[in-house]
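Listed below, chain by chain, are the residues.
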Amino acid sequence: MSELINNSEVRKQAIKDILKKLHEGKSLEEVKEDFNKAFSKVSASEISEAEQALIKEGMEVSEIQKLCDVHAAVFKGSVLEIHKPKDVSEVPGHPANMLKLENREIERILENRLKPKKESNLSESDMQDLKGALEELGKIHIHYLKKENLIFPIMEKKGIEAPPKVMWAVDDEIRALIKDLKLKLQGKTEDLNIYKEKLTVLYDKINEMIFKEENILLPMIIESFSQGDWKAIHEESREIGFIAENIPEWKPSLQLGSKSQEEKKETKGIISLPTGNFTLKELTAVLNTLPFDITFVDKEDTVRYFSEGKERIFTRTKAAIGRKVVNCHPPASVHIVEQIVEDLRTGRKDNEDFWINLGSKFALIRYFAVRDEMGEFLGVLEVSQDIKPIQEITGEKRLASR
C-alpha cells in the first residue's frame, strides 16, 4: 500500500476521491480520517492537478470553489513542497517575498482591528472604528489585483488553469463581504451584534486565503516560474501598487530592462494608414493621449493591445497581452463577457454599452465590433471613460482658459 501511495498518479486519484466525497456531502471528520489513512503529506502541485482533473471531468468551477475552504482545512499542515528549489520567497523584494510581506500586513489588520470586534459585544462607539478597519482592510484589493493580473496569466500560459479560477472566485467573495459590511454599517440596526457573524466569516475566509497563497499557490509557482516570469511580475507590480511599506529593492540576475538589440532600437519606419501616417513613437503617444482607455481583443478572443493613458479606469498590465479575454474577468462575470463577444461576432449587435459608479468616477464602458471594409469580424474594441466631468458641464465655453 505504501508503495502505491508514493506513486504520483495514485496520490492524485486519492486527492480526487477525497474532494468528490466532500462534494457528495461527507463530513470533514470522515474525510480527514480517509486522508490520514492514505498519506500525511501532499504537494501543492498535486492538489492543483487534482482540481484541474475534476474540472475536466465536468465538475463546475463553482463547486470546486465551495470545496475550497473545506479541502484547505483537510490538507492544512499536510502540504509538502516536495521539489523545493531555492526559497525565493525569503529573498527581500522578490515578488514571492512581497506576497508574503503583504499577507503579514493583512494579518496585522485582521488581528489588531477586526478580531477584537468579532469577539466582543459591539457598542455604538465601536461602529466608527469598525468602519475605519474595513476601509483599511479594503487595501486587500491591491494585493488580489497583483495576483489576478500578474501571477494568474503566467500560470495559465503554463497550463495551470484550475487554481486561478477557484482562487479568483474566492477573492471576489472576500471583496463582496467587505463591501456588504461597509454598506450595512451605513444603515441602522438595533442589534449591533448582527455584524459579528459576518465579521467572523470574513476573518476566516481571509485567513484561509493567506494559507492557500503561501502553502499551495507559492510552492506551485516557485516550482514552475522562470526568472523571466518573476522579472515581468516585478516590473509591473508598481503599476498596481503595494500594501506593505518600506519595500526592499530586488535586483534579479536577469537585468531589468534587458531586451534584444532589435527591441532596443527606436523604430524609424513609418506606419501608413489610409488617411495619414505615423512613426511608431507618434502613434504610441497619440493612443496614450486619448481621454479614454482602449483595449483590443482579436477575433480569436485574445487580448492584443491596450492604451496606457495617465488616468486609467481599470487595471491593465502587460501580462494580459496574449491572454484569453474571459480569463481577464472574474469567474462570476465570464458568461456576460462571452455573450457580449458572441453578439458582436455574429452581427446581432454592433456595440454594447454599460455605465457604473466607481467611487468618485462614473464609468461608461463601451464595446464595439471591429470589422474590415468587407464586414469581416476582426475583434472587439473596449472603450472606457470617466464621464462624470462631462455630465457636470453646463452653459457654454467659447474662450480658452488663461
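Being a predicted model, the structure only gives us computed values, none of them experimental. (Residues numbered from 1 in each chain as written. Predicted model: local features only at pLDDT ≥ 70, side-chain atom pairs only at ≥ 80, totals over all residues. Heavy atoms only, no water.)

**Concerning the overall build of the protein**
Here comes step 1: Each helix and strand counted, the protein has 15 helices and seven strands in total.
Here comes step 2: Taken across its 402 residues, the protein has 42% of its residues classed as buried.
Here comes step 3: Long-range pairs, those at least 24 residues apart, make up 66% of the contacts in the protein between residues at least 6 apart in sequence.
Here comes step 4: When the accessible area of the protein is evaluated, it comes to approximately 22,600 Å², of which 52% is carbon and sulfur surface. (Helix = DSSP H or I, 4+ residues; strand = E, 2+ residues; numbered from the N terminus. Buried < 20%, exposed > 50% of the residue type's maximum accessible area, 1.4 Å probe, protein only. Contact = heavy atoms within 4.5 Å. Areas by Shrake-Rupley, 256 points an atom, 1.4 Å probe, with all protein chains shown as cover.)

**A word on the pairing of strand β1 (residues 270-273)**
Here comes step 1: Summarising the sheet, β1 and strand β2 (residues 276-279) pair through four bridges and their orientation is antiparallel. The residue of β2 that forms the bridge with S272 is N277.
Here comes step 2: Between β1 and β2, which pair antiparallel in sequence order, lie two residues. (Pairing = 2+ DSSP bridges.)

**Overview of the pattern of salt bridges**
Here comes step 1: Per the stated rule, a full pass over the model turns up 35 salt bridges.
Here comes step 2: One salt bridge in this structure joins E102 and K146, with 2.9 Å as the shortest N-O distance. Taken together, the positions of E102 in helix α6 (residues 95-118) and K146 in helix α8 (residues 140-157) put the pair 44 residues apart, joining distant regions of the chain. The two residues E102 and K146 agree in class, both being buried.
Here comes step 3: Here D350 and R371 are joined by a salt bridge, their closest N and O atoms 3.6 Å apart. Note that D350 is positioned in the loop between α14 (334-346) and β5 (351-358) and R371 in strand β6 (residues 361-371), a separation of 21 residues in sequence.
Here comes step 4: Members of the salt-bridge network, linked through shared partners, are E105, R108, R113, K117, D129, E136 and K139. (Salt bridge = Lys/Arg side-chain N within 4 Å of Asp/Glu carboxyl O.)

**Here we look at the packing of helix α9 (residues 162-186) against helix α10 (residues 194-224)**
Here comes step 1: The interhelical angle for the contact between α9 and α10, taken along N-to-C directions, is 155°, at an axis separation of 10 Å. With respect to α10, the element α9 is oriented roughly antiparallel. The handedness of the crossing between α9 and α10 is left-handed. Touching P163, M167, V170, D171, E173, I174, L177, I178, D180, L181, K184 and L185 of α9 are Y195, K198, L199, V201, L202, K205, I206, M209, K212, E213, L217 and M220, all from α10.
Here comes step 2: Class assignment for the residues of the contact of α9 with α10 results in 16 nonpolar, no polar and eight charged. (Axes fitted to C-alpha atoms, helices over the stretch in contact; angles between N-to-C directions. Parallel < 35°, antiparallel > 145°, perpendicular 65-115°, else oblique. Left-handed = near helix turned anticlockwise from the far one by under 90°. Nonpolar A, V, L, I, M, F, W, Y, C, P; charged D, E, K, R; others polar.)

**With respect to the packing of aromatic side chains**
Here comes step 1: According to the stated counting rule, one finds three aromatic pairs in the structure shown.
Here comes step 2: Seen from their ring centres, F225 and W230 are 5.2 Å apart, and the 55° between their planes marks the pair as tilted. Both residues of the pair, F225 and W230, count as buried. (Phe/Tyr/Trp six-rings, centres within 6.5 Å; stacked < 30°, edge-to-face > 60°.)

**Remarks on helix α7 (residues 124-137)**
Here comes step 1: For α7, with 14 residues, the first-to-last C-alpha span of 20 Å sits near the 20 Å given by 1.5 Å per residue.
Here comes step 2: All of the buried residues in α7 are D126, M127, L130, A133, L134, E136 and L137.
Here comes step 3: Tucked into the core, α7 has its buried residues touching α6, α8, α9 and α10. (Expected span 1.5 Å × (residues − 1).)

**Concerning the side chain of E136**
Here comes step 1: Structurally, E136 is set in helix α7.
Here comes step 2: In this structure the side chain of E136 is engaged in a polar contact, spanning 2.5 Å, whose partner is the side chain of R108.
Here comes step 3: Not counting the four nearest positions on each side in its chain, E136 is found in contact with E105, R108, I109 and R113. (Polar contact = N/O pair within 3.5 Å; in protein donor to acceptor, adjacent residues only side chain to side chain.)

**Focus: the sheet that holds strand β7 (residues 377-386)**
Here comes step 1: Pairing is antiparallel across the open sheet formed by five strands, whose spatial order is β4-β3-β7-β6-β5. Edge positions in the sheet fall to β4 (303-306) and β5, since each of these pairs with one other strand and no more. For this sheet the average axis-to-axis angle between neighbouring strands, irrespective of direction, equals 15°.
Here comes step 2: Note: β5 against β6, eight bridges, orientation antiparallel. Residue pairing for β6: E352 is matched across the bridge by Y367.

**Considering the packing of α7 against α10**
Here comes step 1: Here α7 crosses α10 at 25°, and the two axes come no closer than 14 Å. By the criterion of interaxial angle, the relationship of α7 to α10 is roughly parallel. Considering the relative orientation of α7 and α10, their crossing is left-handed. Residue-level inspection shows M127, L130, L134 and L137 of α7 in contact with α10, the latter providing Y195, L199, L202 and I206.
Here comes step 2: Counted by class, the contact of α7 with α10 contains eight nonpolar, no polar and no charged residues.

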